[in-house]
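Here is how the chains run, residue by residue.
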Amino acid sequence: MERAVVLRSLSCTPLVCTRLFPRSSRRLSRLSSLPKRHPLTPNQRSLIRRHLRLFSPSSRPLHHLPRHFSSFSPRAIATSPVPSSPEFSAGADDDVAQKLGFEKVSEQFIEECKSRAVLYKHKKTGAEVVSVSNDDENKVFGIVFRTPPKDSTGIPHILEHSVLCGSRKYPLKEPFVELLKGSLHTFLNAFTYPDRTCYPVASTNTKDFYNLVDVYLDAVFFPKCIEDFQTFQQEGWHYELDNPSEDITYKGVVFNEMKGVYSQPDNIMGRISQQALFPNNTYGVDSGGDPQVIPKLTFEEFKEFHRKYYHPSNARIWFYGDDDPTERLRILSEYLDMFDASMAPSESKIRPQKLFSEPVRIVEKYPAAEGGDLEKKHMVCLNWLLDDKPLDLETELALGFLDHLMLGTPASPLRKILLESGLGDAIVGGGVEDELLQPQFSIGLKGVSKDDILKVEELVMNTLKSLAEEGFDSDAVEASMNTIEFSLRENNTGSFPRGLALMLRSIGKWVYDMDPFEPLKYQKPLMDLKARIAKEGSKAVFGPLIEKFILNNSHRVTVEMRPDPEKASRDEEVEREALNKVKASMTEEDLAELARATHELRMKQETPDPPEALKTVPSLSLNDIPKKPIFVPTEIWDINGVKILQHDLFTNDVLYTEVVFNMGSLKQELLPLVPLFCQSLLEMGTKDMDFVQLNQLIGRKTGGISVYPFTSSVRGKEDPCTHMIVRGKAMSGRTEDLFNLVNCILQDVQFTDQKRFKQFVSQSKARMENRIRGSGHGIAAARMDAKLNVAGWISEQMGGVSYLEFLQILEKKVDKDWDEISQSLEEIRRSLVSRNGCLINLTADGKNLTNSEKFVSKFLDMLPNSSPVESVTWNARLPSINEAIVVPTQVNYVGKAANVYETGYELKGSAYVISKYIGNTWLWDRVRVSGGAYGGFCDFDTHSGVFSFLSYRDPNLLKTLDVYDATGNFLRELEMDDDTLTKAIIGTIGDVDSYQLPDAKGYSSLLRYLLGITEEERRRRREEILSTSLKDFKEFAGAVEAVKDKGVVVAVASPEDVDAANKERPNFLEVKKVL
Ligand SMILES: [Zn+2]
């Protein structure tokens, strides 16, 4: 059904819950005072590391991801999504606000987001509130506290997890999880920054929205965790001992989450860089927590931190959307009036870091695989702290623009020169970062030889120098300007609420006591900058910036990281010794007491909340739920036999298109080349244009073009659905340019540049290696899929362990057999690019759809019309054996899966409700809460029938498999009252109806078409969801049992844990080494 389709197509696996973020190697470039990557797309190269409460299971492999979709990722800015009516109520009436205890500080209409915005101060406590009113139905609330840590015990992070574990009005184990299960939220999470903690929620349903707000307010101000030592233990850390004769271990959700973070080289680089740039203020420690320091944290310190900082005087509160602004203040006053003003605002102030007089150099080690090739595994990153104070917005905007010019696209000079130098495989460092008090700049390479480290440093400095001296090509400036203006106008935040993207931009200044509205008003400074560039030239504008902030700035930290195959085991050893010491210091009574406490904690974790407590969490009723699926207008017709799908939706004058080609006639051995083929189309150049010119042309004329393979099983069919999708967007006046460019990349690109192709291979290899360490659950899921069905096998060839193995061989082959590879790329083109099997999807408003017809028709005329597609039969799967992919890590990713259709299960809508319920209750409680993993979840691919269990940053291996195997029993013995069932149904509908911007609606509709999902079926599934009963849960036990009995296991795990597992169950896992 639609949810599944959307998840598969738009999601990505890396790190944390996020859908739709471009996988171009430089994922999101940014324009600094414009919205940054949203916090749910943690940039692995970013210095700023945030920690999220919820890891959400985008467990699917990556092959469906739009690659290289506009190098400048569309983010939140502010043009309104619908034709705007400026007649919004101008905030709450001033008298009413006064009566409720608020004083209006300022008010303005912000053109960029067509919103009325009011800043209030709560008179009694000084709490600040921004209330934004407009016609966006996707309402957003957020409360933010300044929470600067003094050490690396991870207090802010553990507190962020813990306050959502029950509160005064909602005295149950985890109200947060109840909201996950039973609300229509379009966003629900919490994040910890280096200096602040944010609690945002969003919903399109007003009643639901206020429910969410109330639960969050009660959680932050009156959490149970400050009296409940066991919550601190569960979310933070504790000693675990089942039996006095065994070894003591550390457990804790944050503890294990951070072990995962500390196992990843890119993360280590980011942390070390940040800490070294800011040795003298709060950014010099880790707000997330260092696993070696977390166990030093005491409950007293934890409570004190909450008392001090989680106070209205230290709070900034944001409301956004089309709800009643008076109601917002009414809800807030109920909470805020209970407090008096505190000293928090001065205690939480962030002190700036003074600038160094000399550059600093740091050499660190990171855990590498044993026996791997260590020669080209060094990393080096140059970092600058740009100023000793925050920058003004004009300068920040100019620096953001400069960042895009230098690094934003594959054609950007700094990025291009670094990658073409052959000194390293991939870029590290996030460019300009401006989300902390003072801005930074960082850039470097990974996959570098030891001897080349200095060469990389010299190359960075020399390139910056020549850019300062020579300026930028005017085509490049125009391309960057168009890309940025396009994304501002499009204001496409993907599935991320627009109001939240705005909040995060605003808070980036507001949190430092600056004006919250200023960052939202980009239009004038951008126009001024454009005029300045036109008048003075790019050299005059950007040269002085590069000189002042980078070249002549002595606050530079160079971080070099060396691979150390023994580091992982040494860290283990240190932990083991510490724990042995603890044990040795304990008396027999102590040990008995610890075992008892361990047992008690687990009992508490595994005991369900009493129904009275569950009832306290407000929820909607089934009557609040729309009975019909979300309607997407779709018209299907054809031009010369080619199917055209059209969606008449308001898109603010942007035209979105997907050109789809059938991959069914491609030879099996060519499949792993497809991702590189797609990259070559965009980044290799034509006879008349080198790739830089081609990229600039795309930047100047369109909002971005991406090309990627899409593969899925189709329910009830043997053959999978496999396509290559070319996705593009442009202002409607540029429709002809857009189709001409699509035609150009498909037909004119030449596969002749051996050197560039070799770079693609190295970059892809580096990316895959990173993914294996950071997103082991995605790797495990892909691997299991490849053992269970053909679509999974194809995907794994293009994005799993098999793909990495292919790249390792290919990297050598490029030097020897380039002609053969080049011919294979041509063969892929011949096989894919044809009018036969082509399909075109268009999303725009009616007038622009009509206007586009002649260009579409012309485009189709230019396509070759090769003979009808002859499907080849791929009948490959990986052997169905249990496997362990061994990596140097301190935490594991454990998966088990089977095809439940093969055991006779027939899909019903209830399956969505049940699998969500299993994830939010059974797996959450056992794998996360008592198991100590950061995430545990299941995924039901309703197209293939594969049901998979997965865990994320998991300290266990076999124990987790035991939990999976007991799921059938859990369902059979399940007792459930009507309220609980209703919540489960509502939560599922919330997923199915997930909020989509117009382009996403058009895209989802296309995928449904490709997968043969009819409107009739959508209606039926929805009815089935709404009428799910307890009996369905019990019946589903049989399907889940198939996983227990016939399932295949794949774990991405540490060598120690795999050894231990194979000792306990001989020959259970076949060991595979890939790094
Ligand atoms: Zn966390």
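Everything discussed here concerns the structure shown above.
Residues numbered from 1 in each chain as written. Predicted model: local features only at pLDDT ≥ 70, side-chain atom pairs only at ≥ 80, totals over all residues. Heavy atoms only, no water.

1. Quick word on the pattern of salt bridges
The condition that has to hold: Note on definitions: salt bridges are taken to be side-chain nitrogens of Lys or Arg within 4 Å of carboxyl oxygens of Asp or Glu. To sort residues, take the accessible area from a 1.4 Å probe on protein chains only and compare it with the maximum for the residue type: under 20% means buried, over 50% means exposed, and anything in between is partly exposed. Think of it this way: any DSSP run of H or I at least four residues long counts as a helix, any run of E at least two long counts as a strand, and we number them from the N terminus.
Per the stated rule, a full pass over the model turns up 73 salt bridges. The salt bridge involving Arg196 is made with Asp195; its shortest N-O contact spans 3.1 Å. A residue is classified by how much of its surface remains accessible, and Asp195, at 0% relative accessible area, is buried. The salt bridge involving Lys303 is made with Glu300; its shortest N-O contact spans 3.5 Å. Taken together, the positions of Lys303 and Glu300, both in helix α9 (residues 299–309) and three residues apart, correspond to about one turn of that helix. Relative accessible area serves as the criterion here: at 26%, Lys303 is assigned to the partly exposed category. By relative accessible area, which is 52% here, Glu300 ends up exposed. Each of the salt bridges in this network shares a partner with another, and the network as a whole consists of Arg146, Arg316, Lys349 and Asp513.

2. Section: the nonpolar core
Here is a general trend for soluble globular proteins: nonpolar side chains tend to be buried in one another's company. Put simply, the test is: Residues belong to a common nonpolar core when they are buried Ala, Val, Leu, Ile, Met, Phe, Trp, Tyr or Cys residues joined through side-chain atoms within 4.5 Å. We call two residues in contact when some of their heavy atoms are within 4.5 Å.
Ranked by size, the top nonpolar core spans 90 residues in total, and within it Met724, Val726, Ile745, Leu746, Phe757 and Leu860 carry the most contacts. For this core, the element with the most residues is helix α24 (residues 735–747), which contributes seven residues. Apart from residues no more than four positions distant in its own chain, Leu746 is found in contact with Phe661, Leu681, Met724, Val726, Arg829, Val833 and Phe859.

3. A short note on the pairing of strand β8 (residues 196–203)
Keep this limit in mind: At least two DSSP bridges between two strands are needed for those strands to be called paired.
Burial analysis of β8 places eight of its eight residues in the buried class, which makes it a mostly covered element. Side chains of β8 alternate between two faces, with Arg196, Cys198, Pro200 and Ala202 and Thr197, Tyr199, Val201 and Ser203 buried alike. In the sheet, strand β5 (residues 139–146) pairs with β8 via eight bridges, with the strands oriented antiparallel. Bridge pairing in β8 places Phe141 opposite Val201. Of the pairings in the sheet, the one linking strand β7 (residues 191–192) to β8 comprises two bridges and is antiparallel in character. What sits directly across from Thr192, in β8, is Thr197. Once β7 ends, the chain turns through three residues before running back antiparallel as β8.

4. Observations concerning the packing of helix α14 (residues 453–470) against helix α18 (residues 538–551)
Put simply, the test is: Throughout, an axis means a line fitted to C-alpha atoms (over the contacting stretch in the case of helices), and angles, computed between N-to-C directions, take values from 0 to 180 degrees. Put simply, a crossing is left-handed when the front helix is turned counterclockwise from the back one by less than a right angle, and right-handed when it is turned clockwise. Here the nonpolar group is Ala, Val, Leu, Ile, Met, Phe, Trp, Tyr, Cys and Pro; Asp, Glu, Lys and Arg are the charged ones; every other residue, Gly included, is treated as polar.
Where α14 meets α18, the closest approach of the two axes is 7 Å, and the angle between their N-to-C directions is 145°. Judged by the sense of rotation from one axis to the other, the crossing of α14 with α18 is left-handed. Contacts from Met461, Leu464, Lys465, Leu467, Ala468, Glu469 and Glu470 of α14 reach α18 at Lys539, Gly543, Ile546, Glu547, Ile550 and Leu551. Across the contact of α14 with α18, the residue classes tally to seven nonpolar, one polar and five charged.

5. Things to note about the sheet that holds strand β28 (residues 1070–1073)
With mixed pairing, six strands are arranged side by side in an open sheet as β25-β26-β24-β27-β23-β28. Only two strands of the sheet have a single neighbouring strand rather than two, namely β25 (935–941) and β28. Shown here is a sheet whose adjacent strand axes are inclined to one another by a mean of 15°, direction ignored. Pairing between strand β23 (residues 883–886) and β28: four bridges, direction parallel. Bridge pairing in β28 places Val886 opposite Lys1073. Where helix α38 (residues 1055–1064) meets the sheet, its contacts fall on β23, β27 (1048–1053) and β28, and the angle it forms with β23 comes to roughly 155°.

6. Side note on the packing of aromatic side chains
Applicable threshold: Classification of ring pairs rests on two measures: the distance between centres of Phe, Tyr or Trp rings, Trp counted by its six-membered ring, which must be within 6.5 Å, and the angle between planes, read as stacked under 30 degrees, edge-to-face over 60 and tilted in between.
Applying the stated criterion across every chain yields a total of 46 aromatic pairs. Ring centres 6.0 Å apart and planes at 75° place the aromatic pair Trp237 and Tyr250 in the edge-to-face group. Here the residue Trp237 occupies a position in the loop between α6 (229–235) and β9 (238–240), and Tyr250 occupies one in strand β10 (residues 249–251), the gap between them amounting to 13 residues. Given the relative accessible area of 12%, Tyr250 is considered buried.

7. Here we look at a negative patch on the surface
Basically, it comes down to this: Grouping into patches uses exposed residues only, defined as over 30% relative accessible area, and leaves out salt-bridged ones; the cut-off is 9 Å for like charges and 5 Å for nonpolar side chains (Val, Leu, Ile, Met, Phe, Trp, Tyr). Every accessible area reported is derived by Shrake-Rupley at a probe size of 1.4 Å, with residue values counting cover from the shown protein chains alone. The sign given to each residue is positive for Lys and Arg and negative for Asp and Glu; His and the chain ends receive no count. By convention, the charge on Lys lies at NZ, on Arg at CZ, on Asp at CG and on Glu at CD.
A contiguous patch of negative charge on the surface is contributed by Glu370, Glu566, Glu1056 and Asp1059. Here Glu566 lies in the loop between β16 (556–564) and α19 (567–584). Exposure remark for Glu566: the relative accessible area of 49% places this residue in the partly exposed category.

8. Comments concerning the environment of Val130
Examined against the element boundaries, Val130 turns out to sit in strand β4 (residues 128–133). Not counting residues within four places of it along the chain, the set of residues in contact with Val130 comprises Val118, Leu119, Ile317, Trp318, Phe319, Trp510, Pro516 and Phe517.

9. A word on the pairing of strand β19 (residues 654–662)
Among the nine residues in β19, eight count as buried, and that is most of the element. The pairing of β19 with strand β21 (residues 721–731) spans nine bridges and is antiparallel. Bridging from a neighbouring strand, Val654 pairs with Met731 of β21. Relative to strand β22 (residues 839–844), β19 runs antiparallel, the two sharing five bridges. Within the sheet, the bridge partner assigned to Thr657 lies in β22 and is Leu842.

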